[in-house]
Amino acid sequence: MRKTVVAGNWKMNKTPAQTTELINELKPLVAGSENKCIVCVPYTNLANALEAVRGTEIEVGAQNMYFEESGAYTGEIAPNMLTEMGVKYVIIGHSERRQYFNETDETVNKKVLKAFEHDLIPIICVGESLEQREQGITFELVALQTKIALLGLTADQVKKCIIAYEPIWAIGTGKTATSEQAQEVCAKIRETVASVYGNDAAEEIIIQYGGSVNAGNSAELFAKSDIDGGLVGGASLKANDFSVIVNS
Ligand code: PGA
């Protein structure tokens, strides 16, 4: 049985002090949940987040990292800077990074490989635009994004990955994919993983849905057989809403 994993993607929101406040509010609301809860906060808030979650089951993730170890890359963050702090997860290839910061399937793959060198678990984002959905190429596109992102990993590494299927048209728009739409693409991702890495890897890999997940729709989405939780943006910034999603 796969665990349900819910990750909050705070994006560029909250200061360090506000981070401590929000996590302290969240802690009692998710205590004892059977599902895994991860908060992915801005780099500058990681120390506060790690301190605030100490002694709880909540885990902390970053929202990005670079694929080199160190050097002349002004403004970038290396994987060992994250792991030394105690960070366990890192979001890779979010559509906002692909759109505004020129990330590609190839840089996503480099980051995924580098994350594994440092025992960081990548939350890899894939998903189609509205135009691509209307062109009828969602399955092919998402399968290709998945294959390239995982290139060079062993089946055992693939088992540890989290893939977040996030249709771009559903992110921050309030326009959630129906649970059927989300399920069929998540199933396609699992089938793609099975075709390259075998059934065991496909059975174990966590596949999340993301895109306007909220306290009202999470239970129906997570009840689908191939949806193992969610990557949650806007609704992760409110402790009450996020805790309902985590407990779905
Ligand atoms: P949203 O964002 O929940 O605000 O739509 C999801 C995401 O971008 O990860």
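Residues numbered from 1 in each chain as written. Predicted model: local features only at pLDDT ≥ 70, side-chain atom pairs only at ≥ 80, totals over all residues. Heavy atoms only, no water.

1. Examining the sheet that holds strand S4 (residues 89–92)
Paired through their backbone hydrogen bonds, the strands of a sheet run either parallel or antiparallel.
(1) Moving on: The strand order S1-S2-S3-S4-S5-S6-S7-S8 describes a closed barrel built from eight strands, whose pairing is parallel. For this sheet the average axis-to-axis angle between neighbouring strands, irrespective of direction, equals 25°.
(2) Moving on: Pairing geometry for strand S1 (residues 5–9) and strand S8 (residues 229–232), over four bridges, is parallel. In the sheet register, valine 5 faces S8, and the bridge partner there is glycine 229.
(3) Moving on: Against the sheet, helix H7 (residues 138–150) contacts strand S5 (121–126) and strand S6 (162–165), and its axis sits at roughly 155° relative to S5.
(4) Moving on: Helix H12 (residues 239–246) rests against S1, strand S2 (36–40) and S8 of the sheet, and its axis sits at about 155° to S1. (Pairing = 2+ DSSP bridges. Helix = DSSP H or I, 4+ residues; strand = E, 2+ residues; numbered from the N terminus. Axes fitted to C-alpha atoms, helices over the stretch in contact; angles between N-to-C directions. Contact = heavy atoms within 4.5 Å.)

2. What about the site of the ligand?
(1) Moving on: Taken together, 13 residues are adjacent to the ligand, and Lys11, His94, Glu166, Gly172 and Ser212 come closest.
(2) Moving on: Residue glycine 172 places a main-chain N or O atom 2.7 Å away from an oxygen atom belonging to the ligand.
(3) Moving on: In the environment of the ligand, an oxygen atom lies 2.8 Å from a nitrogen or oxygen atom belonging to the backbone of glycine 233.
(4) Moving on: Contact with the protein chains removes 95% of the 280 Å² of surface that the ligand exposes when unbound. (Near = heavy atom within 4 Å. Polar contact = N/O pair within 3.5 Å; in protein donor to acceptor, adjacent residues only side chain to side chain. Areas by Shrake-Rupley, 256 points an atom, 1.4 Å probe, with all protein chains shown as cover.)

3. Examining the pattern of salt bridges
A side chain of one charge can pair with a side chain of the opposite charge when the charged atoms of the two come close.
(1) Moving on: Going through the model one piece at a time under the given rule, you end up with 17 salt bridges.
(2) Moving on: Put simply, lysine 114 and glutamate 69 hold a salt bridge, and the shortest N to O gap is 2.6 Å. With lysine 114 in helix H5 (residues 105–117) and glutamate 69 in the loop between strand S3 (59–62) and helix H3 (79–85), this pair connects stretches of sequence that are 45 residues apart.
(3) Moving on: Its salt-bridge partner being lysine 111, residue glutamate 103 comes within 2.9 Å of it at the nearest N-O pair.
(4) Moving on: Given the relative accessible area of 4%, lysine 111 is considered buried. (Salt bridge = Lys/Arg side-chain N within 4 Å of Asp/Glu carboxyl O. Buried < 20%, exposed > 50% of the residue type's maximum accessible area, 1.4 Å probe, protein only.)

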